[in-house]
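Chain by chain, the residues run as shown.
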Amino acid sequence: MKKTILRAALCLSLVAAFSSTAISCSSSDDETTENVSTVDPSNFQGKIAAGTSITLDATKVYNLTGRLLVEKGATLIIPAGTRITASAGATYLIVDRGGKIFINGTATNPVVFEGTTHKQGHWGGIVILGNAPSNRSASGTSTSELGDLTYGGTDNSDNSGLIKYVVIKDSGFKYNPEKEFNGLSLFGVGSGTTISYVYVTDGADDGIECFGGSPNLDHLVITGVGDDSFDWTEGYRGTVNFLYAARKKQYQNAAEPGNRGIEADTQDTDPNTTNGNGTSNPTINNATFLGNAGGSESQGLKIRAGSQGKFDNIVVANYSTGLDFETDRTYGWFTSGSYIKNIRFINVATLVKAKAPAPDMSGVFTINANASGAGNGTALPDWAKGWTGLTSFDVVDAMN
């Protein structure tokens, strides 16, 4: 994604959910509490105050009409089967540092966020702020351009809650080409947060982006996003296990056809920073990336700006370039050891390239013609079927 998302300083009070929503407030004298007796499902926005816990009602449909902020000390619980529709524009859910969200979807009843109209960029997305380090400063903190909120810190094991079995459609609203949302944005989120079985589809910017921190994510499906499927920066240090990411053929000739499977940075302004976690160095296991030749950024994995990483059991298909490297810190890491193992290229014109001056990068990976990637080679893996609404997906769905 572009390194800025969007400045929005909306100060709203809680105007959320339904009359049947369960709400509890702390009686502690040193906490700010907000008592809500009735709420409106047609106007779901505002602020869930510190000391407040809200549980939504899965039998209702919530219309997100603006910014919904979960404050530090507040909790939002979204039960399995809940559907949230989002009005057009800068409508989004944001969880502040110290706030908690529990999206409790199941394989048979996922939680669904979608636009009131199905198109890329119709609404914002989901944003989580945690206390794990960003490398933007010596203190490990930075300021989110989404609401001017502070994120980051020193706690790599920070816990922002649980996100499980959620479908995010039509996200990525943009104010201009430099300020736009992702489907799921993780700012300084810690490893204590559970993020599992997430499907982002038909978004206008990135599917998922990690800004520092160390969240571990598993069983991710990302299809038809305008920019990169999975993006990281600011010293991200988590693990991603089972990722299926694909362009969609209907966007192949669009201005934003889907770009990279992975875009990896340590930091855009200082690739050699030692702040926070320092260099980005996540672990990516069991991943499939399906591309097409559309656009100028048809690259399976773009690793640059000092990013490192460890990759194993990777399938890259139908991109113009398989692996694309930039910057000395990145070159030094990948030429110093075996960090890209068991990779399988299918219909990739250029397997590897690097921006000059660069060392020879042709030996930094090992090929395995039997690599299964996310589980089924280029085809949609079994674990991704059903809860996503998909029964199949393969190269024919990713390219014309």
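Everything quoted here is computed from the prediction, not taken from an experiment.

Asker: Residues and numbers for unusual backbone geometry, please.
Answerer: Residue Ala356 is joined to Pro357 through a cis peptide bond whose omega torsion reads -5°. Its location among the elements puts Pro357 in the loop between strand 28 (350-354) and strand 29 (365-367). For Asp170, which is not glycine, the phi torsion reads 70° and is therefore positive. One can find Asp170 in the loop between strand 13 (161-169) and strand 14 (174-176). With a relative accessible area of 2%, Asp170 lands in the buried category. For Asn318, which is not glycine, the phi torsion reads 70° and is therefore positive.

Asker: Any details on the packing of aromatic side chains? Residues and values, ideally.
Answerer: According to the stated counting rule, one finds 18 aromatic pairs in the structure shown. Seen from their ring centres, Tyr197 and Trp383 are 6.4 Å apart, and the 80° between their planes marks the pair as edge-to-face. In this pair, Tyr197 is assigned in strand 17 (residues 194-201) and Trp383 in the loop between strand 29 and helix 2 (395-398), connecting sequence segments 186 residues apart. Judged by its relative accessible area of 15%, Tyr197 falls in the buried class. Relative to Trp232, the ring of Phe230 lies with its centre 6.1 Å away and its plane at 65°, an arrangement referred to as edge-to-face. Owing to a relative accessible area of 0%, Trp232 belongs among the buried residues under this scheme. One aromatic cluster in this structure is built from Phe230, Trp232, Tyr236, Phe311, Phe325 and Phe334.

Asker: Describe in detail the environment of Asn281, supporting the description with residues and values.
Answerer: One can find Asn281 in the loop between strand 22 (262-264) and strand 23 (283-290). We classify Asn281 as buried; its relative accessible area is 9%. In sequence terms Asn281 and Thr233 are 48 residues apart; their C-alpha atoms lie 9.6 Å from each other. Each residue touching Asn281, except ones within four places of it in the same chain, is listed here: Tyr236, Arg237, Gln308, Gly309, Lys310 and Trp333. A polar side-chain atom of Asn281 sits 3.2 Å from a polar atom in the side chain of Gln308.

Asker: Can you lay out the pairing of strand 21 (residues 239-246) for me, pointing to particular residues and giving the numbers?
Answerer: Inspection of the sheet shows strand 19 (residues 216-223) paired to strand 21 by six bridges, in the parallel sense. Each bridged residue has a counterpart across the sheet, and for Ile222 the counterpart in strand 21 is Ala245. Sheet topology places strand 21 next to strand 23; seven bridges connect them, and they run parallel. Bridged to Thr239 within strand 23 is Thr283.

Parameters and conventions
- Residues numbered from 1 in each chain as written.
- Predicted model: local features only at pLDDT ≥ 70, side-chain atom pairs only at ≥ 80, totals over all residues.
- Heavy atoms only, no water.
- Helix = DSSP H or I, 4+ residues; strand = E, 2+ residues; numbered from the N terminus.
- Buried < 20%, exposed > 50% of the residue type's maximum accessible area, 1.4 Å probe, protein only.
- Phe/Tyr/Trp six-rings, centres within 6.5 Å; stacked < 30°, edge-to-face > 60°.
- Contact = heavy atoms within 4.5 Å.
- Polar contact = N/O pair within 3.5 Å; in protein donor to acceptor, adjacent residues only side chain to side chain.
- Pairing = 2+ DSSP bridges.

Honestly, that's just the spatial picture; any functional story needs more than this.
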